[in-house]
Amino acid sequence: MQDEIADKAIKLTARERRFIKFASVEFDGQIYMTPQDFLESVVEQEPRPRLKRKSLTHAEIQQLKDYTPPLKHGSSQLFRSLRDKGIISYTEYLFLLSVLTKPHSGFRIAFNMFDTDGNQRVDKDEFLVDDYVDDEQGLQRKHKVDTTLQIHFFGKKGDKDLQYDGFYNFMKNLQTEVLELEFCEFSKGHERISEVDFAKILLRYTYLDTDEYDNYLDRLLDREAKEKGVSFDEFRQFCQFLNNLDDFSIAMRMYTLADQPISKDEFSRAVKICTGSELNSHLIDTVFAIFDEDGDGLLSYKEFIAIMKDRVHRGFKVSHYEHIVEDYLDDIEKGTVYADNFRQLLKMRSRACRRLRRYLLYFYYHPDHGQSDSTRHYR
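Residues numbered from 1 in each chain as written. Predicted model: local features only at pLDDT ≥ 70, side-chain atom pairs only at ≥ 80, totals over all residues. Heavy atoms only, no water.

1. Brief notes about the UniProt feature "domain: EF-hand" (unreviewed entry) in the chain
Step number 1: According to UniProt, the positions carrying the feature "domain: EF-hand" (unreviewed entry) are residues 102–137 and 279–314.
Step number 2: Taken end to end, residues 279–314 is 64% helix and 0% strand, and its first and last C-alpha atoms sit 22 Å apart. (UniProt positions renumbered as here; feature names shortened; annotations may be inferred. Helix = DSSP H or I, 4+ residues; strand = E, 2+ residues; numbered from the N terminus.)

Structure representation (structure tokens):
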């Protein structure tokens, strides 16, 4: 039994496991997310409680077409307004996740990848890049069914073309919608969130242990003399910068050469080079208050980048081995372990994962200590 669980954990990727976990509907043997499921999968730790997945009928699948607006009526409220009146396949889920991490400069590249014939338009056949396959998890397409994205992009009859302007607006709106969802969770209807809430949003997808997490927040509280708050526009601008993190990393490596810590002015200049816009000075002060470990006004950009990559990828970019250990222990039937022993087992799991993370971070910063290029990228 336990060997089967371990084998299952190894075969499924983190994204596959999360899709299966949050997908709440199925049709003809294939599972789907609803628009609401997708939003919850990127901002919540656990899905809504449910007894089982809802099985959709042919009639219900046809009704979904009437709920889906055309692309010209798209907005940053699209997924929230559709809620459960739509379906998203696993391959579309992967596409939507990639949208969330793309800098605006990468939107054109993403469009060109779909535009296989180079005519500056994407038709439905070009968008449907996945083949029909039969997998036991029900992740891949087994049948022809028009999903919400297909109807939104190509119309109810599937005969419309997707052009770049519409594609750009969709990607921009989706990024805004998810960020609004995160921001509103902390703003509680107000126009600004506190600096501490801003820090919590940045750190929420990272794999820090409790002490490390608390240290970042305590550091901010000790150094933030006067609370000014962070507006949504400022929050969105910072998150757009994080989507340019790879360019920022290259700029820092070329600029510092010796991997020296950077000042606020250097940080601000690098951000402007990468994004074309300047971050609010208060936002930069807040970032340094969180991540400047010894308070000398300098930031270890390597540590900052390593932690923020978890934020950008919403926790997916972590060690595959860490997921195997956690899922394996999660799936052991609790009834086979006495309560006290199980509590102790949970403590052991947490401690083991923290140690594993420290080893991985050590090898990330010391690549010459026996790690190959094929494993060094795991975090």
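2. Quick notes on the packing of aromatic side chains
Step number 1: A complete count under the given rule lists 32 aromatic pairs for this structure.
Step number 2: Between phenylalanine 114 and phenylalanine 167 the ring centres are 6.3 Å apart and the planes differ by 70°, which places this aromatic pair in the edge-to-face class. Placement of the pair is phenylalanine 114 in helix α7 (residues 107–114) and phenylalanine 167 in helix α10 (residues 164–187), with a sequence separation of 53 residues. Both residues of the pair, phenylalanine 114 and phenylalanine 167, belong to the buried class.
Step number 3: Residues phenylalanine 267 and phenylalanine 288 carry aromatic rings whose centres are separated by 5.7 Å and whose planes lie at 90° to one another, so their mutual orientation is edge-to-face. Residue phenylalanine 267 is located in helix α15 (residues 264–275), and its partner phenylalanine 288 is located in helix α16 (residues 281–291); the two are separated by 21 residues in the primary sequence. Summarising the burial analysis for this pair, phenylalanine 267 and phenylalanine 288 share the class buried.
Step number 4: Aromatic rings pair up to connect Phe95, Phe107, Phe111, Phe114, Phe127, Phe153, Phe154, Tyr164, Phe167, Tyr168 and Phe170 into one cluster.
Step number 5: Stacked on the ring of tyrosine 164, the Lys or Arg arginine 108 has its end atom at 3.7 Å from the ring centre. (Phe/Tyr/Trp six-rings, centres within 6.5 Å; stacked < 30°, edge-to-face > 60°. Buried < 20%, exposed > 50% of the residue type's maximum accessible area, 1.4 Å probe, protein only. Lys NZ or Arg CZ within 6 Å of the ring centre and 35° of its normal.)

3. Observations regarding helix α17 (residues 301–312)
Step number 1: Here α17 spans 16 Å end to end across 12 residues, near enough to the 16 Å set by a 1.5 Å rise per residue.
Step number 2: Most of α17 sits inside the fold, with 10 of its 12 residues counted as buried.
Step number 3: Every buried residue of α17 is accounted for by Tyr301, Phe304, Ile305, Ala306, Ile307, Met308, Lys309, Asp310, Arg311 and Val312.
Step number 4: Positive backbone phi, approximately 50°, marks arginine 314, located one or two places after α17. (Expected span 1.5 Å × (residues − 1).)

4. Some remarks on a negative patch on the surface
Step number 1: A contiguous patch of negative charge on the surface is contributed by Asp211, Asp214, Asp218 and Asp222.
Step number 2: In this fold, aspartate 222 is placed in helix α12 (residues 210–223). (Patch = residues over 30% accessible without salt bridge, like charges linked within 9 Å, V, L, I, M, F, W, Y side chains within 5 Å. Areas by Shrake-Rupley, 256 points an atom, 1.4 Å probe, with all protein chains shown as cover. Salt bridge = Lys/Arg side-chain N within 4 Å of Asp/Glu carboxyl O. Lys, Arg positive; Asp, Glu negative; His and termini not counted. Charge placed at Lys NZ, Arg CZ, Asp CG, Glu CD.)

5. Notes on the environment of serine 300
Step number 1: Positionally, serine 300 belongs in the loop between α16 and α17.
Step number 2: Using a relative accessible area of 33% as the deciding quantity, one classes serine 300 as partly exposed.

6. Re the environment of leucine 245
Step number 1: Within the fold, leucine 245 resides in helix α14 (residues 245–256).
Step number 2: Considering only alpha carbons, one finds leucine 245 and cysteine 274, 29 residues apart in sequence, at a separation of 8.4 Å.
Step number 3: The contacts of leucine 245, once residues within four sequence positions are left out, are Phe304, Ile305, Met308, Lys309 and Val312. (Contact = heavy atoms within 4.5 Å.)

7. Some words on empty space enclosed by the protein
Step number 1: The full count for this structure, using the stated rule, is 4 cavities of 30 Å³ or more.
Step number 2: Taken as a whole, the largest cavity encloses approximately 120 Å³ of empty space.
Step number 3: Together, Leu100, Gln175, Val178, Leu179, Cys239, Gln240, Leu242, Asn243, Arg311, Val312 and Arg314 line the largest cavity.
Step number 4: Sorting the residues of the lining of the largest cavity by element identifies α10, α13 (232–242) and α17 as the ones contributing at least two each.
Step number 5: Taken together, the residues that form the lining of the largest cavity break down as 6 nonpolar, 3 polar and 2 charged. (1 Å grid on protein atoms, 1.4 Å probe; cavity = no way out; pocket = protein on both sides within 12 Å on 5 of 7 lines; lining within 4 Å. Points joined across faces, edges and corners; volume = space filled by probe spheres on them. Nonpolar A, V, L, I, M, F, W, Y, C, P; charged D, E, K, R; others polar.)

8. Looking at the sheet that holds strand β2 (residues 30–32)
Step number 1: Pairing is mixed in the open sheet, where 3 strands are placed in the order β2-β1-β3. Looking at strand neighbours, the two that pair on one side only are β2 and β3 (54–55), the edges of this open sheet.
Step number 2: Sheet analysis places strand β1 (residues 25–27) next to β3, joined by 2 bridges and oriented parallel. Bridging across to β3, glutamate 26 finds its partner in serine 55. (Pairing = 2+ DSSP bridges.)

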